[in-house]
Amino acid sequence: MAFKFKNVDFIGFDAMLSEDERLVRDTARRFIDDNLIPIIEECNREGRFPRELVKPMGEMGFFGANLHGYGCAGMSNVEYGLVTQEMERGDSGIRSFVSVQSALVMYPIYTFGSDEQKNTWLPAMAKGEKLGCFGLTEPGFGSNPGGMTTVARKSGDEFILNGEKMWITSGNIADVAVIWAKVEDKDHKVRGFLVETDRPGFRAYEVHGKWSLRASVTSGLSLQDVHIPATNLLPGTGGLKSPLMCLNQARYGISWGAIGAAMSCYDTALQYAKARKQFHNQPIASHQLIQDKLVWMVTEISKAQLLSLQVGRLKDAGTVGHQHISMAKRNNVWMALECARISRDILGANGITEDYPIMRHMMNLESVKTYEGTHDIHALIIGQHITGSGAY
Ligand SMILES: Cc1cc2nc3c(=O)[nH]c(=O)nc-3n(C[C@H](O)[C@H](O)[C@H](O)COP(=O)(O)OP(=O)(O)OC[C@H]3O[C@@H](n4cnc5c(N)ncnc54)[C@H](O)[C@@H]3O)c2cc1C
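Counting restarts for each chain: residues are numbered from 1 in the order of the written sequence. For a predicted model such as this one, the threshold for reporting local features is a pLDDT of at least 70, and the threshold for listing and counting side-chain atom pairs is 80 or more; totals across whole chains, interfaces and linings nevertheless cover every residue. Processing note: side-chain calculations cover all non-hydrogen atoms of the structure and skip hydrogens and water entirely.

### Regarding the overall build of the chain
- Check the secondary structure of the chain and you find ten helices and seven strands.
- Just to be clear, the radius of gyration here is over C-alpha atoms, and the globule rule we use is 2.2 Å times residues to the power 0.38. Relative to its length of 392 residues, the chain is compact, with a C-alpha radius of gyration of 21 Å against a globular reference of 21 Å.
- Its C-alpha atoms give the chain principal-axis dimensions of about 80 × 45 × 40 Å.
- Burial analysis of the chain (392 residues in total) assigns 55% to the buried set.
- Nonlocal contacts in the chain, meaning residues at least 24 apart in sequence, comprise 75% of its contacts between residues at least 6 apart. Strands here are runs of E lasting at least two residues and helices are runs of H or I lasting at least four, both read from the DSSP assignment and numbered beginning at the N terminus. Each residue's exposure class comes from its accessible area (1.4 Å probe, protein chains only) as a fraction of the maximum for that residue type: buried when under 20%, exposed when over 50%, partly exposed otherwise. Here, residues are in contact when the closest pair of their heavy atoms is within 4.5 Å.

Right under this line is the structure:
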């Protein structure tokens, strides 16, 4: 049976955090232990998003946590990262939901929106009364969103949107979609639009048959002659840089989240290895090969903690570069997926069951490796930064 999580702090990481940062993390940790852990295996098995947790998460200040004003918690970026770590220690699907609500919907409204848009959406979204989704990816354009074919045509004081979006987290439960589209004028610039999901011509359909992120809603979106007022354009958006700024926010949270999933797997494997006996009535933890695996994991988790903390400190100082965030996302998700695979191995046959969280984390992390820029696309981003040559 699953074990109660114990902290992972090999290198005195906790001592590098401020009292406030530890308090935020411990509060999020308790929330996840009390509210998500007891139901997550059922949610995963049934493919059910635990909607009952939305309001309590809003009350905890988990939505738009690093934004200031509009009822948001105004956390530092390190504090926000520690929250996403705890979310994903519970489940990547729940962390995905929070990342989309916070980094991909509230952040663009906060950064690119008019005062009216901010006042309409942000307080309600912070409370979880309104939910959002982010429509960038299309059936034909994933890693290369610049190829998108969704268009917005200006007509009087309206825009008319047409196109298809795919793999959109929370699409079916959203009240508002941030839709990225090319404006049909001489510039053909990508701009962001707020589309209320009850508008005629807007349709969301759920993607079924996923073996990953089963506790998160994933949707396709179809927009056919969707009329929106011109005031629904996010006025500060202009070019592909705008959605990429949102993705950077989300990728930063993912880099911490992956540490949470890795911690869950490692801690489970460690506790299991101490309890499970094979050969001469000895715990498997006493065998050298098992110890080598545990050591690999705790080393990589410790390195990832340092990387994310430094990236968070740079972000709080306003000096972080997108290449730093790419490195943290790429490394930490890879590391977490390896930890899941190694931990599954340590649990033997028990590792494939839902009695332990490992296989669920492993399946979830396959999506996390792909979305928000695939592992290889982040290699190309970092490669371009250090060589000056784009290799896409
Ligand atoms: C569960 C889930 C939720 C998601 N949620 C959202 C969401 O809320 N909103 C949203 O907009 N999108 C979302 N996505 C989409 C996600 O961002 C895309 O899947 C991702 O960008 C990759 O695009 P793709 O799947 O089309 O893969 P492709 O771009 O087709 O890539 C396929 C493979 O080719 C590789 N590749 C591509 N180009 C190159 C190159 N130039 N050089 C070398 N290798 C290359 C990639 O690394 C990858 O291995 C989600 C995806 C999933 C799985």
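So much for the structure itself; the text now carries on.
### Describing helix α7 (residues 288–317)
- For α7, built from 30 residues, the straight-helix expectation of 44 Å at 1.5 Å per residue is met to within 8% by its first-to-last C-alpha distance of 43 Å.
- G318 sits one or two positions beyond α7 and adopts a positive phi of about 80 degrees. To estimate how far a helix should extend, the number of its residues minus one is multiplied by 1.5 Å.

### Topic: the site of the ligand
- Residue proximity to a molecule or strand is established when one non-hydrogen atom of the residue lies within 4 Å of it. Within the structure, the ligand sits among 18 residues, and T137, S143, W167, T169 and T374 are positioned closest to it.
- Between S143 and the ligand, the recorded distance is 2.6 Å, taken from a side-chain N or O atom to an oxygen atom.
- We define a polar contact as two N or O atoms separated by no more than 3.5 Å, with the added condition that, inside protein, one atom must be a possible hydrogen donor and the other a possible acceptor, whereas residues neighbouring each other in sequence contribute only through side-chain atom pairs. Backbone polar atom of W167 to a nitrogen atom of the ligand: 2.7 Å apart, as the coordinates give it.
- The Shrake-Rupley method, run with a 1.4 Å probe sphere, supplies the accessible areas, and residue values consider only the shown protein chains as cover. Taken by itself the ligand offers 970 Å² of open surface, and the protein chains cover 66% of this.
- Breaking the shell around the ligand down by element, the ones donating at least two residues are β3 (158–169), α9 (358–370) and α10 (375–387).

### Let's talk about unusual backbone geometry
- The phi dihedral of Y70 falls on the positive side, at around 55 degrees, and the residue is not glycine.
- Among the secondary structure elements, Y70 is positioned in the loop between α2 (54–59) and α3 (77–90).
- With a phi close to 50 degrees, L213 is a non-glycine residue in the positive phi region.
- Take L213: it is sitting in the loop between β6 (202–206) and β7 (218–229).

### Quick look at the packing of α3 against helix α6 (residues 241–275)
- Note on geometry: axes are lines fitted to C-alpha atoms, helical ones only across the stretch in contact, with angles between N-to-C directions running from 0 to 180 degrees. At a closest axis distance of 7 Å, the pairing of α3 and α6 adopts a crossing angle of 45 degrees. The angle between α3 and α6 falls in the class oblique. Every pair of crossing elements has a handedness; the one defined by α3 and α6 is right-handed. The residues of α6 that touch α3, namely those facing N77, V78, Y80, G81, L82, T84, Q85, E88 and R89, are Q249, Y252, G253, I254, W256, G257, A258, I259, G260, A261, M263 and S264.
- Following the grouping adopted for this structure description, the nonpolar residues are Ala, Val, Leu, Ile, Met, Phe, Trp, Tyr, Cys and Pro, the charged ones are Asp, Glu, Lys and Arg, and the polar ones are all others, Gly among them. Across the contact of α3 with α6, the residue classes tally to ten nonpolar, nine polar and two charged. For classification purposes, an angle smaller than 35 degrees is called roughly parallel, one larger than 145 roughly antiparallel, one from 65 to 115 roughly perpendicular, and anything else oblique. Two helices crossing with the near one rotated counterclockwise from the far one by less than a right angle form a left-handed crossing, whereas a clockwise rotation gives a right-handed crossing.

### Focus on the environment of F193
- One can find F193 in strand β5 (residues 190–196).
- Judged by its relative accessible area of 0%, F193 falls in the buried class.
- Along the sequence, F193 and A152 sit 41 residues apart, while their C-alpha atoms lie 8.9 Å from each other.
- Not counting residues up to four positions away in its chain, the partners in contact with F193 are A152, F159, L161, A177, V178, I179, A181, V183, I228, N232, L233 and L234.

### Brief notes about the packing of α7 against helix α8 (residues 322–346)
- Between α7 and α8, the least distance of the axes is 10 Å, while the angle of their chain directions is 160 degrees. The angle between the axes of α7 and α8 places the two elements in the roughly antiparallel class. Relative to α8, α7 is oriented so that their crossing is left-handed.
- Along the lines of polarity and charge, the residues of the contact of α7 with α8 split into 17 nonpolar, five polar and four charged.

### Observations concerning the nonpolar core
- Each nonpolar core is a collection of buried residues, namely Ala, Val, Leu, Ile, Met, Phe, Trp, Tyr and Cys, held together in the definition by side-chain atoms within 4.5 Å. Core analysis: the biggest nonpolar cluster contains 99 residues, and M57, F97, I301 and I346 have the highest contact counts within it.
- Among the elements that make up this core, the one with the highest residue count is α6 (16 residues).
- Excluding its chain neighbours within four sequence positions, the residues that come into contact with I301 are V8, I259, A262, M263, Y266, M335 and C339.

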